[in-house]
Every structure is written in structure tokens, then in C-alpha cells.
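A closer look at the structure
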Amino acid sequence: SEAASVRSNAPLAPAPSPIGYFEGVVVDRGRDGYMSLGVMSRRAHLDKLVGWGEGTIGYHGDDGNIFVGNGMGRAFGPLYGAGDTIGCGIDWINGKVFFTKNGSLVGSVPHKFQDDELVFAAIGLRTPGETFRVNFGKQPFKFGIDQFVSDCRQCALSKYLPPMINLD
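Reference entry: report on the structure contained in this document.

**Points about the sheet that holds strand 3 (residues 36-41)**
Strand order across the open sheet formed by six strands is 1-10-3-4-5-6, with antiparallel pairing between neighbours. Either end of the sheet is taken by a strand with one partner, and the two such strands are strand 1 (4-11) and strand 6 (74-75). As paired elements, strand 1 and strand 10 (residues 119-125) share five bridges and run antiparallel to each other. Directly across from R7, in strand 10, lies its bridge partner A122.

Below is the structure:
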């Protein structure tokens, strides 16, 4: 009945890329599928699912809700379970945490992490048998992260550049 989270040893750093990303494959949804995947700061406690505690943001498999630092979730995306690949990234350029499922973008939420704060990949589990296999880039990602990074940079630049003038 108790939940717990684990986080990566190294942060999802903004350098050399301004976007950190990882994916987790759900090997087994376990008894109830009460699992979460997301990010957390170093100050976050590990005795809750990701998203339930301060300094965490998590996408939950059993209800598809997003939780941002407390136990009050809101509708976000589809449920996930065995065989699904769930991704999470932090976009420091545009101030968002985004999530993917099976290579497609699910959505994003604004993040409240400080620019100099270390943010870690995290997974939360609650019932027996829940199992994730995590990929930090050693294997190819299902999600097209390179194109996403390029799009994020272009979006950020468009906010600061004046519109092009056609001289024809």
C-alpha cells in the first residue's frame, strides 16, 4: 500500500542540450499499474509516486493524470501499461516538462524548477510486479527527440526575432 520512487544518479542537465529526455518501457504493469514517470528535484522525497510530492512532476499510468507537486491530479493523457514506451523531458528553453507515449507527444506542463536547480529522471511504483526498463539514450529513442529540440529552439527564437519582411 506504500509507494516509492527512484531517481537517476545524474541530472537531466541542460548542457550540452537545453533539453534533457529519457524513456521507460513498461515491462509489467504489476497488480494495479499504479506507476508514474517524470522528473524530480534533489529536494524531493522518495516515499511517494512521482508528482505527488513537492519538487516532482509525474504522468501516471493507471489514470493518465498529470500530478504536479501534490496529490491532486488532472486529466492529461492516455493510460499506459505493459509494452508502452513512456518518455519525459525537460525543456529549459520554453519552461516545460513534456511527456511522450510510444513515440508521440502526449503534452506538456509548465515547470517550476529554478534554472540552476538539478532535475532528475524519476519513476514511482506502488503495487507488486510493476517493472520499468529505462533508456537514457544508449538505445535509440522511440520519440524523435532531435527534431523536437530543433522545433523548441525555433519556437524560442521566434519569440525574440522580428518578423521577416518580404521585399518582393
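**Some words on the nonpolar core**
Judged by nonpolar contacts, the single largest core of 23 residues is most densely connected at L37, V39, I57, Y80, V97, F99 and F113. The set of elements that each furnish at least two residues to this core consists of strand 2 (19-29), strand 3, strand 4 (56-60), strand 7 (85-91), strand 8 (96-101) and strand 10. The next biggest cluster of nonpolar side chains, apart from the first, holds eight residues, and it includes Y21, I145, F148 and C152.

**Let's talk about unusual backbone geometry**
Despite not being glycine, N102 has its phi angle at roughly 50°, a positive value. Within the fold, N102 resides in the loop between strand 8 and strand 9 (104-110). A relative accessible area of 34% means that N102 is categorised as partly exposed.

The rules we used
Residues numbered from 1 in each chain as written. Predicted model: local features only at pLDDT ≥ 70, side-chain atom pairs only at ≥ 80, totals over all residues. Heavy atoms only, no water. Pairing = 2+ DSSP bridges. Helix = DSSP H or I, 4+ residues; strand = E, 2+ residues; numbered from the N terminus. Core = buried A, V, L, I, M, F, W, Y, C linked by side-chain atoms within 4.5 Å. Buried < 20%, exposed > 50% of the residue type's maximum accessible area, 1.4 Å probe, protein only.

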